[in-house]
Amino acid sequence: MAGKIIIISAPSGCGKSTIINAILDRGDVDMQFSVSATNRAPREGEIHGVNYFFLTDEEFRKAISDDAFVEYEEVYPGRFYGTLRSEVERICNSGHNVVLDIDVKGGVNVKGLYGDRAVSIFIMPPSVEELRRRLVSRATDAPDVIEQRVGKAGYEIGFAPRYDYRVINDELVAAVEETRRIIKNFIG
Ligand code: 5GP
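Everything quoted here is computed from the prediction, not taken from an experiment.

Rules and cut-offs
- Residues numbered from 1 in each chain as written.
- Predicted model: local features only at pLDDT ≥ 70, side-chain atom pairs only at ≥ 80, totals over all residues.
- Heavy atoms only, no water.
- Salt bridge = Lys/Arg side-chain N within 4 Å of Asp/Glu carboxyl O.
- Buried < 20%, exposed > 50% of the residue type's maximum accessible area, 1.4 Å probe, protein only.
- Helix = DSSP H or I, 4+ residues; strand = E, 2+ residues; numbered from the N terminus.
- Pairing = 2+ DSSP bridges.
- Axes fitted to C-alpha atoms, helices over the stretch in contact; angles between N-to-C directions.
- Contact = heavy atoms within 4.5 Å.
- Parallel < 35°, antiparallel > 145°, perpendicular 65-115°, else oblique.
- Left-handed = near helix turned anticlockwise from the far one by under 90°.
- Nonpolar A, V, L, I, M, F, W, Y, C, P; charged D, E, K, R; others polar.
- Core = buried A, V, L, I, M, F, W, Y, C linked by side-chain atoms within 4.5 Å.

(A) Here's a closer look at the pattern of salt bridges. Within the structure shown, the criterion is met by 19 salt bridges. Here arginine 43 and glutamate 46 are joined by a salt bridge, their closest N and O atoms 4.0 Å apart. Exposure remark for arginine 43: the relative accessible area of 24% places this residue in the partly exposed category. For lysine 111, the salt bridge goes to aspartate 164, with nearest N and O atoms at 3.0 Å. Placement of the pair is lysine 111 in helix α4 (residues 104–114) and aspartate 164 in the loop between α6 (143–157) and β9 (165–168), with a sequence separation of 53 residues. Given the relative accessible area of 31%, aspartate 164 is considered partly exposed. Counted as one network, the salt bridges with shared partners bring together Arg40, Arg43, Glu46, Arg138, Asp141 and Arg149.

Structural data, given as C-alpha cells:
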C-alpha cells in the first residue's frame, strides 16, 4: 500500500466534517475520504456509499465476523461505526492518501496500527458551551441526542493529548488552513 493515512477526530459538532470537506473541495491535497460503515439510520440528505455505508445490525455483525473492518467501535450505545478494510486498501493501493473521520478510540487504535504511516489530528471546540450552541443551531439531532453528545465531549477531549496535532476550531477558515497545512507537511 502506497498511500498514507490521515486520521481526524473531534467531538461531534466541532466542524470536523466541514473542515475535511473544505480541504477535499479545494482539491490541492491528494487525499480521498474513506467511507465508513454504520448501523445508524441515515440523516436527512445522507447518501448510502457517500456519507456512510448504512448497514442493518445483522449486516454489521456479519462484516465484523468477515473481518471486513480495520477497526470498529460502538460509539454510542447500540450504534456501531467501522473503517472498512476494502476502502482503505482501495484508496492506498491506487497510490492516494486516505482520510478517516473516526471517533477517539478508533483514532488512537488506527494510529497504533499504522505508526509513522499515519498522522492523527484532533479538532477541538473553543469550549463545551460553544459546542452545545453549535449542535443546537445545526438542528440535525433531537435535544436528548444533543445532551448525549455534549456529555461525551468531555470524555473525548481527554484523548486529545494522544493525537499528533490539536487544532482549535474557533474560526473556521483558520482551522481549515491549519489542518490543511498539517496534512500537506505530512504527505510531503
Ligand atoms: P455521526 O453519527 O455524527 O456521523 O458520527 C458519530 C461519530 O462516529 C463521529 O465521532 C465519527 O467520527 C465516528 N465515526 C464515523 N465513522 C467511524 C469509523 O469508521 N470508526 C470509528 N471508530 N468511528 C467512526
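Structure's up, so let's keep going.
(B) How the structure looks around the sheet that holds strand β3 (residues 36–38). Spatial ordering of the open sheet is given by β4-β3-β6-β5, a layout of four strands whose pairing is mixed. Where the open sheet ends on each side, the last strands, each with one partner, are β4 (52–54) and β5 (69–76). Each strand of the sheet is rotated relative to its neighbour by a mean of 25 degrees, with strand direction disregarded. Across two bridges, β3 lies against strand β6 (residues 79–84) in antiparallel orientation. Looking at the pairing, alanine 37 lines up with glycine 82 of β6. Strand contacts of helix α3 (residues 85–93): β4, β5 and β6, with the helix running at about 30 degrees to β6, the strand carrying the most contacts.

(C) Quick look at α4. The complete set of buried residues in α4 reads Val104, Gly106, Gly107, Val108, Val110, Lys111 and Tyr114. Against β1 (5–9), β5, α3, β7 (97–101), β8 (118–124) and α6 lie the buried residues of α4. Trailing α4 by a residue or two, glycine 115 shows a phi angle of about 55 degrees, which is positive.

(D) Expanded view of the packing of helix α1 (residues 16–26) against helix α7 (residues 172–187). Remark: α1 packs on α7, axes separated minimally by 9 Å, with the N-to-C direction vectors making an angle of 65 degrees. By the criterion of interaxial angle, the relationship of α1 to α7 is roughly perpendicular. Crossing hand, α1 versus α7: right-handed. Within the contact between the two elements, α1 uses Thr18, Ile19, Ala22, Ile23 and Arg26 and α7 uses Leu172, Ala175, Val176, Glu177, Thr179, Arg180 and Ile183. Among the residues making up the contact of α1 with α7, the classes are represented as seven nonpolar, two polar and three charged.

(E) Spatial organisation of the environment of glycine 82. Along the chain, glycine 82 falls in strand β6. Apart from residues lying up to four places away in sequence, glycine 82 is in contact with Ser36, Ala37, Phe60, Phe69, Glu71 and Tyr72.

(F) Region of interest: the pairing of β1. Here β1 lies mainly inside the structure; five of its five residues are buried. Residue alternation in β1 divides its side chains into two sets, Ile5, Ile7 and Ser9 and Ile6 and Ile8, and both sets are buried. One ladder, built from four bridges, connects β1 with β7; its direction is parallel. Paired with isoleucine 6 across the two strands is valine 99, which belongs to β7.

(G) Here's a closer look at the nonpolar core. With 25 residues, the main nonpolar core has Ile6, Ile8, Ile23, Met31, Ile121, Ile123 and Ile183 as its most contacted residues. Among the elements of the structure, β1, α1, β8, α5 (128–138), α6 and α7 are those that each provide at least two residues to this core. When residues of this core are assigned to their parent elements, the largest contribution, six residues, is made by α7. Those residues in contact with isoleucine 121, other than ones at most four positions away along the chain, are Ile6, Ile7, Ile8, Ser9, Tyr163, Tyr165, Val167, Thr179, Ile182 and Ile183. Of all hydrophobic cores here, the second largest spans 19 residues; its members include Val70, Ile102, Val110 and Phe122.

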